[in-house]
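Read off the chains here:
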Amino acid sequence: MTSTKSADAVGILLEAEDFDEYGGWLLDSQFDHEMGSPYLLAHGLGRPVADASTTIEIPSAGRYHLWVRAKDWVPAHHPGRFQVIINGVAVDREFGANGQNWSWEPAGIVDLDAGDATITLHDLTGFDGRCDAIFLGHNDTPPPDGAGTDARSWRRRLRGLPDEPTPAGEFDVVIAGGGITGVAAALTAARLGCRVALIQDRPYLGGNASVEIGLSPRGETGPVIDELSQRNPDGDLHARRLLESEPNATVVMEQTVYDAAADGRRITSIDARAARSGREYRYTAPIFIDCTGTALLGILSGAQTRFGQEAHDEFDESLAPEHGDDMHHGNTVFFRTRMADAPAPFPAVPWASDVAKDFADLRGQLTKPGIENGPGPVAGPFRMPDPTVRRRMTQHLTHFWEYGQWLDPYTNGEAIRDHLLCAIYGTFANVKHLEPDEYANLELDWVAYVPAQGEYRRYVGDYTLTETDIRSHKLFPDAVVQNSGAFCLHYPGDEKYDFRLKNWIWDTRDEQPYDIPFRCLYSVDIENLMVAGKHISVTHVAGSNTKFMGNGGQHGIATAAAAFLCTKYSATPRSIYQDHLQELQDIARHATTDPHRRESDT
C-alpha cells in the first residue's frame, strides 16, 4: 500500500506508528508524556524481530538529509540496534548505538527519486531497539526534539493535523483510565443511564489485570468485578465486550489524556491524543472521574495531591516510618519461561548482567494471565531454599521483582521498565550459564514490555483514610462501599540486587472488610472531579490496601452512582454528600450487589 506521509517545505516526517506493516515490532505508546511520541519497539527476547515496512510518496526528486529519532537504552553496550533500509539499500549507520537518550540521529544524505519509496526498519538484536520517527529534511537543520510544545506543534504541522483538538462529544460523565476501576465505573454509570465516555491509553482494558500484564483483582471483588474480569481463552478480559453491549457507553482505546481545561475550580473538558494517528480529541462533561491510578486529571487541573510515605506522627499510624519521605511502591515487569523441544541458545548480555549481577532465581513467574507467583528455574546457590520463608505472599516471588521506589514515576517510567528488563534478561542468562546442561532448552516464553504500575500521587479529598481507621473499622456516616484485604507494604533496599525488595509486610489485620467514606472519592478543590482506585484520598499505609484492584473497582462503582446523581440534580460530588447521601448509599449498595439492576427499574 502506498501512502503519502506528512510533508511540507522543511521535509517529510514519517512517524513509526504510521508504518503500513509493523512486522514483529510493537507499538509502545506508554511513555508519550515523557519522551514525546509513541514508538516502535523490537521486543524479540534476544531474537531479531521481523522487519517493519511502509511505502511513502516522495513529492519531488532531490537530496534529503536523513534523521532518525532513536534511543540507545543501555548506552555503554548498545543492545537495541537496528538499520533503516530505503528502497532496498541499508543506510550506513546502526541506530540505537550512539550512547544517547531519545534524540534525532543524523544519518547523512540520501538521493531519492519522485514517486514511491519503501522504508524498512531492520532489527539487529531482538533486544528492544526502538524507533520513534524518520525525517527527510531539505537542509541540515535538526528537527525539534523532546515532548515540549514546539516539538508537538512541528509534528502536527508536518502530519497535517489541526492545532486544536477535534470535539469528540458531550457526555454526562467522562472517565479517564480503563483499568478494573475505570471499567467498573463506566459499566455501572452506563447501566444507571449515564452517557459515559471511557478513555483508555492502551489497546486492552484492565490495567494491571489486562492481558498485557496479567494480575488478578484482589480485595473486595463482588459481582461487577467478577463479571468484567472473567477471561477469554487468550487471556483478555470480558470487560470490553460488556461495555460495548451498553448503548450508553463510549469506549475509546489507545488515547492518552494530555490536557485538561478548567473554569475556575471546575474541569470543563479533557484532551486526549490517539497513539496511532496523533489526532487529538476533546471530551466535555459536567463530571469527570479519574481512574488512571496516576492522579493524571488532578495533576493537569492543579488538584491537591500527596506523595510518598507520611511520618508516623502525622496520622498516628503504627506502620508508618518515623520520618516521611518520597519512597513509594515501584513497578514490576512480569515474565514466563518454558522448556523448548530443542536447545535454545541465548546471546551474551553483559549489559543486562550489570544489573542482574549473579542473581539466578526465576521463580515468581506469571504462569498465565490471572495466575502469578508460579515456579521457575533456579540455578547455582539459589537452589537452597530460605527456611524462614513460608507464606505464599511473603516468598521472594513475583512481586519481589520491583524497581523505581525512589525515582519519579512520572519522568522515569521508561527507565524503570528498562532496568527491570535488564534484570530479567540478566537473570535468565545467569540460570542458563550456571547450569548449561540442565537448562539447555530453556527459553523466554514471554516478557511483558508494559510494567505493572506501582504507586503514584494520591488525591487529597474532604477526608483522608488512615491505617487506624481501617484497623478500628471506623464508622463513617458517608460509607458507600467496602474494601478488604491486607496491608501490603513493599520496602526496597536489597543489599545486592536493586530490583529485589528488601522486605514485604503482608498484615492481614482481622481479615474483615471495612468502610470507604464518599469524602475520600472526590477532590477537595476541583469541584466536579471524582477519583477511584489506588490514588483516592488515603495515606500511604492505608493505600497499601485500598490499591487492590477489586477494592478500586468498588470505588469506581460508588463514583458512578454519584455521577448518576450529579447528572440527576445538576450537582457536584460534595453537594451529593451534603444533600443526597442516603440516595447515593442506596444506589451504590444496589449497584454492588445487583449490577444488572437499572435505576429505571425502581
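Above this text you will find the structure in question.
The structure contained in this document is the topic of the report that follows. Predicted, not measured: the structure shown is a model, and the values here were computed from it. (Residues numbered from 1 in each chain as written. Predicted model: local features only at pLDDT ≥ 70, side-chain atom pairs only at ≥ 80, totals over all residues. Heavy atoms only, no water.)

### Focus: the packing of aromatic side chains
Step number 1: Per the stated rule, a full pass over the model turns up 25 aromatic pairs.
Step number 2: Plain terms: the ring middles of Trp-104 and Trp-154 are 6.1 Å apart, the flat faces sit at 80 degrees to each other, and that makes the pair edge-to-face. With Trp-104 in strand β10 (residues 103-112) and Trp-154 in helix α2 (residues 149-159), this pair connects stretches of sequence that are 50 residues apart. Residues Trp-104 and Trp-154 agree in their burial class; the two are buried. (Phe/Tyr/Trp six-rings, centres within 6.5 Å; stacked < 30°, edge-to-face > 60°. Helix = DSSP H or I, 4+ residues; strand = E, 2+ residues; numbered from the N terminus. Buried < 20%, exposed > 50% of the residue type's maximum accessible area, 1.4 Å probe, protein only.)

### What to know about the pattern of salt bridges
Two side chains bearing opposite charge may form a pair once their charged atoms approach each other closely.
Step number 1: Following the criterion strictly, the structure yields 47 salt bridges and no others.
Step number 2: We note a salt bridge from Glu-246 to Arg-191, for which the minimum N-O separation is 3.3 Å. Separated by 55 residues along the polypeptide, Glu-246 in the loop between α5 (239-244) and β16 (249-252) and Arg-191 in helix α3 (residues 180-191) bring together distant segments of the chain. For the pair Glu-246 and Arg-191, a shared accessibility class is recorded, and that class is buried. (Salt bridge = Lys/Arg side-chain N within 4 Å of Asp/Glu carboxyl O.)

### Concerning the sheet that holds strand β13 (residues 166-170)
In any sheet, the strands associate via hydrogen bonds between backbone groups, in a parallel or an antiparallel arrangement.
Step number 1: Across the sheet, which stays open at both edges, the 4 strands sit in the order β13-β19-β18-β17 with mixed pairing between neighbours. In this open sheet, the two strands that pair with only one neighbour each are β13 and β17 (255-263). Strand-to-strand twist in this sheet, taken as the mean axis angle between neighbours without regard to direction, amounts to 25 degrees.
Step number 2: Here 5 bridges tie strand β18 (residues 266-274) to strand β19 (residues 280-284), and the two strands are oriented antiparallel to one another. (Pairing = 2+ DSSP bridges. Axes fitted to C-alpha atoms, helices over the stretch in contact; angles between N-to-C directions.)

### A look at the sheet that holds strand β14 (residues 173-176)
Step number 1: Spatially, β16-β15-β14-β20-β29 is the arrangement adopted by the 5 strands of the open sheet, whose pairing is parallel. Looking along the sheet, the strands with just one partner apiece sit at the ends: β16 and β29 (529-531). For this sheet, the mean inter-axis angle between neighbouring strands, taken without regard to orientation, is 20 degrees.
Step number 2: As defined by bridge partners, strand β20 (residues 287-290) adjoins β29 across 3 bridges and the pair is classed as parallel. Within β29, the position partnered with Asp-290 by the bridge is Val-531.
Step number 3: Where α3 meets the sheet, its contacts fall on β14, β15 (196-199) and β16, and the angle it forms with β15 comes to roughly 165 degrees.
Step number 4: Against the sheet, helix α12 (residues 549-569) contacts β14, β20 and β29, and its axis sits at roughly 170 degrees relative to β20. (Contact = heavy atoms within 4.5 Å.)

### So, the packing of α3 against α12
Step number 1: It is the contact of α3 with α12, at a shortest axis distance of 7 Å, that shows an interaxial angle of 30 degrees. What the angle tells us is that α3 and α12 run roughly parallel. Judged by the twist between their axes, the crossing of α3 over α12 is right-handed. Contacts from Ile-180, Thr-181, Ala-184, Ala-185, Thr-188 and Ala-189 of α3 reach α12 at Met-549, Gly-552, Gly-553, Gly-556, Ile-557, Thr-559 and Ala-560. (Parallel < 35°, antiparallel > 145°, perpendicular 65-115°, else oblique. Left-handed = near helix turned anticlockwise from the far one by under 90°.)

### Some thoughts on unusual backbone geometry
Step number 1: For His-78, which is not glycine, the phi dihedral falls at a positive 60 degrees.
Step number 2: Take His-78: it is sitting in the loop between β7 (62-70) and β8 (82-86).
Step number 3: Positive phi, close to 55 degrees, is recorded for Asp-316, a residue that is not glycine.
Step number 4: With respect to the helices and strands, Asp-316 occurs in the loop between α7 (312-315) and β22 (335-339).

### Topic: α3
Along an α-helix, a turn takes 3.6 residues, which lines up residues three or four apart on a common side.
Step number 1: If you check α3, its first and last C-alpha atoms are 16 Å apart, about what 12 residues at 1.5 Å a residue would give, namely 16 Å.
Step number 2: Of all the 12 residues making up α3, 12 are buried; the element is thus mostly covered by neighbouring parts of the structure.
Step number 3: Every buried residue belonging to α3 is among Ile-180, Thr-181, Gly-182, Val-183, Ala-184, Ala-185, Ala-186, Leu-187, Thr-188, Ala-189, Ala-190 and Arg-191, and all of these are buried.
Step number 4: Just downstream of α3, Gly-193 is the residue with a positive phi angle, here 105 degrees. (Expected span 1.5 Å × (residues − 1).)

### A look at the pairing of β8
Step number 1: Summarising burial for β8: 4 of the 5 residues are buried, a large majority.
Step number 2: Bridging between β8 and strand β11 (residues 115-123) involves 5 bridges; their strand directions are antiparallel. Residue Phe-82 lies in a different strand from β11, and its bridge partner there is Asp-123.
Step number 3: Sheet topology places β8 next to strand β9 (residues 89-90); 2 bridges connect them, and they run antiparallel. Along β9, the bridge assignment pairs Ile-86 with Val-89.
Step number 4: A loop of 2 residues connects β8 with β9, the two strands running antiparallel in sequence, and Asn-87 in this loop sits at a positive phi of about 50 degrees.

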